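# Structural overview
Here's the letter readout for the chains.
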Amino acid sequence: MEGDNCEIKIGDHTTSTRDNEFNAQEYKSKITIGNDCMISNNVTIRTSDSHPYFDIQSGTRLNIPQNINIGNHVWIAPNTKIMKGAIIKDGAIIGSDTTISKEIPTNSLAIGRPAKIIRTNIRWSREALF
């Protein structure tokens with residue numbers, strides 16, 4: 001956490017492997033991860049771009065930090081980037097090497113950079129197949 005009053009909440013029975021970065025940056029930024037999520041390795045979750053940029057004429061900052069909300073029972077595969085403003089609804093699967101910066105619907109599969117919904121009405125299980 002980098003900034004005042006930042007918060008990272010991780011729900012019950014959520015698991016994570018190695019080399020992950022959960023970064024709530026700037027004032028009052030929040031990352032919320034629900035219950036029973038499965039987060040693989042090399043996942044980055046960031047509420048900010050780390051450095052501001054501005055409109056030259058107005059001086060207005062263009063890249064404001066935004067909270068991230070990940071629902072319950074979400075599976076996030078390796079090398080995923082979850083960027084400011086992302087909302088991932090319950091039961092979703094985020095495929096490997098995906099970048100999320102928008103809302104992903106309930107029980108859907110999203111893949112790509114940027115993420116595209118490629119399947120809906122799915123469910124997943126932690127059941128081992130080996």
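The residue count restarts for each chain, going from 1 along the sequence in the order it is written. Local features in this predicted model are restricted to residues of pLDDT 70 or higher, and side-chain atom pairs are both shown and tallied only at a pLDDT of 80 or more, whereas totals for entire chains, interfaces and linings draw on every residue. Water and hydrogen atoms play no part in the side-chain values, which are based on all heavy atoms of the structure.

This next bit is on the nonpolar core. Counting residues in hydrophobic clusters, the biggest one holds 21 residues, and the most contacted among them are Ile45, Ile70, Ile76, Ile82, Ile88, Ile100 and Ile104. Under the DSSP-based scheme used, a helix requires at least four consecutive residues in state H or I and a strand at least two consecutive residues in state E, with every element numbered from the N terminus. Elements supplying a minimum of two residues to this core: β4 (30-33) and β7 (68-70). We call two residues in contact whenever any of their non-hydrogen atoms come within 4.5 Å of each other. Those residues within four positions of isoleucine 104 in sequence are excluded, and the remaining contacts are Ile87, Ile88, Lys89, Ala92, Ile94, Ala110, Ala115 and Ile117. Residues belong to a common nonpolar core when they are buried Ala, Val, Leu, Ile, Met, Phe, Trp, Tyr or Cys residues joined through side-chain atoms within 4.5 Å. Relative accessibility under 20% of the residue-type maximum defines a buried residue, over 50% an exposed one, and the middle range a partly exposed one, all with a 1.4 Å probe and only protein chains included.

This next bit is on the sheet that holds strand β13 (residues 103-104). Two strands are said to pair when DSSP picks up at least two bridges between them. Ordered in space as β1-β4-β7-β10-β13, the five strands form an open sheet in which the pairing is parallel. In this open sheet, the two edge strands, each paired with only one partner strand, are β1 (7-10) and β13.

So, about the side chain of threonine 80. Here threonine 80 shows up in the loop between β8 (75-76) and β9 (81-82). Relative accessible area serves as the criterion here: at 0%, threonine 80 is assigned to the buried category.

Here the focus is the pattern of salt bridges. Counted as salt bridges are all cases of a side-chain nitrogen of Lys or Arg within 4 Å of a carboxyl oxygen of Asp or Glu. In the structure shown here, the tally under the stated rule is seven salt bridges. Where glutamate 21 meets arginine 46, a salt bridge forms, and the shortest distance between an N and an O atom there is 2.6 Å. Placement of glutamate 21 in strand β3 (residues 21-23) and of arginine 46 in strand β6 (residues 44-46) is noted, with a sequence separation of 25 residues between them. Between lysine 84 and aspartate 49 there is a salt bridge; the shortest N-O distance is 2.7 Å. Remark: aspartate 49 occurs in the loop between β6 and β7 and lysine 84 occurs in the loop between β9 and β10 (87-88); sequence separation between them is 35 residues. Aspartate 49 sits in the partly exposed class, given a relative accessible area of 33%.

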